[in-house]
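# Fold and geometry: a report
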Amino acid sequence: MIEFRNVSKKYNSSDNAAIHNATFKINKGEFAFLVGSSGSGKSTMIKLILKEEEPTSGKIIINGKDTTFLKPSKVPYLRRSMGVVFQDFRLLPDKTVYENVAFAMYVVKATPKHVRRQVPMVLSLVGLSDKAKVYPNELSGGEQQRVALARAIVNNPSMLIADEPTGNLDPNTAWDIMGLLNDINLRGTTVVVATHAKDIVDRMNKRVIRIDKGNIIRDEKGGYDGEI
Amino acid sequence: MTVRYNSIGYLIAEGFKSVFKQKKMTGASIIIMCATMFMFGVFYLLGENVNYVMKQVENQQGMRVIINDDATETQIDDLKVKIQQIDNVSTVTFYSKEDALASMKSILGDHQDLMAGYDEDNPFPASYFVTLTDLTQNSKVQEKILDLDGVDEISTDNDTIANLSKVAQSIQTVTLVLLSLLIVISIFIIVYTIKLTVYARRREISIMKYVGATNSFIRGPFIVEGIIIGIISAFVTIGIVALSYNAVLDRVLESSVIKSLTISLYGFSELILRVLIVYIILGTVIGVLGSMISMRKYLKV
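This is a predicted model, so every value here is computed, not measured. (Residues numbered from 1 in each chain as written. Chains lettered and ligands numbered in written order. Predicted model: local features only at pLDDT ≥ 70, side-chain atom pairs only at ≥ 80, totals over all residues.)

Assigned secondary structure in chain A consists of seven helices and 10 strands. Looking at chain A as a whole, 44% of its 228 residues are labelled buried. Within chain A, contacts between residues at least 6 apart in sequence are counted, and of these 68% link residues at least 24 apart. (Helix = DSSP H or I, 4+ residues; strand = E, 2+ residues; numbered from the N terminus. Buried ≥ 20, exposed ≤ 12 C-beta atoms within 10 Å, placed from the backbone. Contact = placed C-beta atoms within 7 Å.)

Okay, the overall build of chain B next. The helix and strand tally for chain B stands at 10 helices and four strands. Residues classed as buried in chain B amount to 29% of the 301 residues present.

Glancing now at the packing of helix H3 (residues 97-106) of chain A against helix H5 (residues 141-153) of chain A. Residues and elements named next belong to chain A. Packing of H3 against H5 leaves a shortest axis separation of 8 Å and a crossing angle of 30 degrees. As judged from the angle between their axes, H3 and H5 are roughly parallel. Judged by the twist between their axes, the crossing of H3 over H5 is right-handed. Judged by residue contacts, Val97, Asn100, Val101 and Ala104 of H3 engage Val147, Ala150 and Arg151 from H5. In terms of residue class, the contact of H3 with H5 is made up of five nonpolar, one polar and one charged. (Axes fitted to C-alpha atoms, helices over the stretch in contact; angles between N-to-C directions. Parallel < 35°, antiparallel > 145°, perpendicular 65-115°, else oblique. Left-handed = near helix turned anticlockwise from the far one by under 90°. Nonpolar A, V, L, I, M, F, W, Y, C, P; charged D, E, K, R; others polar.)

Tracing the sequence through the fold places Ile216(A) in strand S10 (residues 215-222). The spacing of Ile216(A) and Ser40(A) is 176 residues in sequence and 9.7 Å in space, taken between C-alpha atoms.

All right, on to the sheet that holds strand S1 (residues 63-67) of chain B then. All names here are of chain B. Strand order across the open sheet formed by four strands is S2-S3-S1-S4, with antiparallel pairing between neighbours. The strands lining the two open edges of the sheet, one partner per strand, are strand S2 (89-95) and strand S4 (151-155). Here the strands of the sheet are splayed against their neighbours by 25 degrees on average, with no regard to which way each runs. Contacts between helix H5 (residues 138-146) and the sheet are confined to S1, S2, strand S3 (127-132) and S4, with S4 contributing the most and set at about 160 degrees to the helix. (Pairing = 2+ DSSP bridges.)

Attention now goes to the nonpolar core. If you look at soluble globular proteins, the nonpolar side chains tend to sit buried side by side. Formed by 78 residues in total, the largest nonpolar core has its most connected members in Leu34(A), Val101(A), Ala150(A), Ile161(A) and Val192(A). With eight residues, H3(A) is the largest single contributor of residues to this core. Those residues in contact with Val101(A), other than ones at most four positions away along the chain, are Val119(A), Val122(A), Leu123(A), Val147(A), Ala150(A), Arg151(A) and Val154(A). Core analysis: the second largest hydrophobic core is formed by 30 residues, Phe40(B), Leu45(B), Tyr279(B) and Ile286(B) among them. (Core = buried A, V, L, I, M, F, W, Y, C linked by C-beta atoms within 7 Å.)

Quick look at the interface of chain B and chain A now. Contacts between chain B and chain A engage 18 residues on the former and 20 residues on the latter. Those elements giving two or more residues to the side of chain B that touches chain A turn out to be helix H1 (7-21) and helix H7 (202-210) of chain B. Across the side of chain B that touches chain A, the residue classes tally to 11 nonpolar, four polar and three charged.

This next bit is on the pairing of S1(B). All names here are of chain B. Here S1 shows a clear split, with Met63, Val65 and Ile67 buried on one side and none of Arg64 and Ile66 buried on the other. Note that S1 and S3 share four bridges and pair antiparallel. Bridging across to S3, isoleucine 66 finds its partner in serine 127. Here S1 runs beside S4; their pairing, made up of four bridges, is antiparallel. Its bridge partner being in S4, isoleucine 67 is matched across the sheet by valine 151.

Further remarks concern the pairing of S10(A). Across seven bridges, strand S9 (residues 206-212) of chain A lies against S10(A) in antiparallel orientation. Among the inter-strand pairings, Lys206(A) is bridged to a residue of S10(A), identified as Gly222(A).

Moving on, we come to the sheet that holds strand S8 (residues 190-195) of chain A. Residue and element names in this part refer to chain A. Spatial strand order, S6-S7-S8-S3-S9-S10: six strands in an open sheet with mixed pairing. Strand pairing shows two members of the sheet lacking a second neighbour, strand S6 (82-86) and S10, which therefore form its edges. Averaged over all pairs of adjacent strands, the angle between strand axes in this sheet comes to 15 degrees, irrespective of strand direction. Taken together, the five bridges between S6 and strand S7 (residues 159-163) define a ladder with parallel strand orientation. When the bridges of S7 are listed, methionine 82 appears paired with methionine 159. Contacting strand S3 (31-35), S7 and S8, helix H6 (residues 171-186) crosses the sheet at an angle of about 155 degrees to S8.

We now examine the packing of helix H8 (residues 215-254) of chain B against helix H10 (residues 268-295) of chain B. All names here are of chain B. At a closest axis distance of 7 Å, the pairing of H8 and H10 adopts a crossing angle of 150 degrees. Comparing the axis directions of H8 and H10 gives the class roughly antiparallel. Here the hand of the crossing between H8 and H10 comes out right-handed. Residue composition of the contact of H8 with H10, grouped by class: 19 nonpolar, 10 polar and two charged.

With that out of the way, let us pick up unusual backbone geometry. All names here are of chain A. Backbone geometry places lysine 51, a non-glycine residue, at a positive phi of 60 degrees. Structurally, lysine 51 can be placed in the loop between helix H1 (42-49) and strand S4 (57-62). You will see that asparagine 205, though not glycine, has its phi angle at about 55 degrees, which is positive. Looking at where asparagine 205 falls in the secondary structure, it is placed in the loop between helix H7 (198-204) and S9. According to the C-beta neighbour criterion, asparagine 205 is exposed, with 12 such atoms within 10 Å.

Attention now moves to the environment of Met204(A). Residue and element names in this part refer to chain A. Its place among the elements puts methionine 204 in helix H7. Overall, the presence of 21 C-beta atoms within 10 Å leaves methionine 204 in the buried class. As a C-alpha pair, methionine 204 and tyrosine 224 span 20 residues in sequence and 9.9 Å in three-dimensional space.

So, on to H5(A). All names here are of chain A. Taking 1.5 Å of rise per residue, 13 residues should cover 18 Å, and H5 covers 19 Å from first to last C-alpha, within 8% of that figure. With 11 of 13 residues buried, H5 is to be regarded as a mostly interior element. Residues of H5 that are buried include every one of Glu143, Gln144, Gln145, Arg146, Val147, Ala148, Leu149, Ala150, Arg151, Ala152 and Ile153, and no others. Residues of H5 that are buried in the fold lie against S6, H3, helix H4 (112-125), S7 and H6. (Expected span 1.5 Å × (residues − 1).)

Right, dumping it as structure tokens:
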């Protein structure tokens, strides 16, 4: 599903590689954490998966396709296979919860009928059916992240990429969001979560790919620092 | 809630929304586009009228090709065919020796006695009166006619013709320069206006990119915005041009100079469609180009 083969990424501005010779494979239906302190290279890894950045060397294979030489015009279609959530939610403040989710559907030219069926369904999945007409600024942080999650999965992507999804949330709310990510994973979606929240990673007990200074130093099931 | 998710409807609605959201910038760019379009329009109309006047003068200002006195009738007929075959020749009219004498007599009016005796021994040469389709080609046509057999000389009012074609050419140059200037300035202004909208909506654009919207879909509303600005400017300018043209035309037609000449100018109704089409095409092209340029940076991600 997501495969890195000897991927290195160097930014022009610095001498040190942001990612150094990374090789790993995340299979269909898997749940994996990308962990490491800030500046370790997690975000670069996410950007590489989203093809927001190009690797300096190596290959990135997504859904069996080498994306290294993907034409820019094909990138939108690659992104339709992945849902994304961010630490800062990135909702549109002048649109209601319903419209925020529906927006993701009509930019990929979904039919109105499909939108009317799909949006209420994902809103109920994230537990926000009663907040459809509410604007984001009237919601709590956890609820906003739920809207972002609904938006990320509304087009049925085969994988969900989350970059520090609980970074702005209190521990209890964070745990709710993780539960939701787990539910989405159980429905068959591959989930990749970049985070530095040790307690959550330990509690989830999933596969952990740990990055330090651009190197993958550990890749196994367990907690943040090793097997529990 | 009852938002309709129809793609084309979405593009147009979003385009109009940002036109009204950025009222000041949109207003400023419409004013500047109108000003440049107006300047272009003035010269365009001036050029059209000068061309029109030139056409009329061309029809009146022909050249007189004097035929050798010893030319036979077949030679004279041959000559007519040969002149007609030359490029840019419009009409060829024959004036016999008798015609020439008669026209001289009519000019003299009461002083017919001066012409006494000429009836028996007519000194006036026969000639062809040649008019051209394009006055700027005057000297070329003259050279070709002088090469033909049976031609004695050509009498023409070269200065008038040369002056008129000079005026026409310089107006054409000015119009072209203004047109290029108009395009550059207007694109610059539209780029700036749309960049503001793009900036205000950068969040939306980045979300669109993450959920997999194609670049052409993201660009859509901004192109619509550019076209709206362009077309509003086109219609506002055509109104201003119409009013000023008619005002100027009234004064010009009343002036004694024009009245003394046997030429006419275009009424605005004869030109409005042409000007409007030019403006709308310009407005649309500038709008599209401007928004494409202003979007470039934001579509890279």
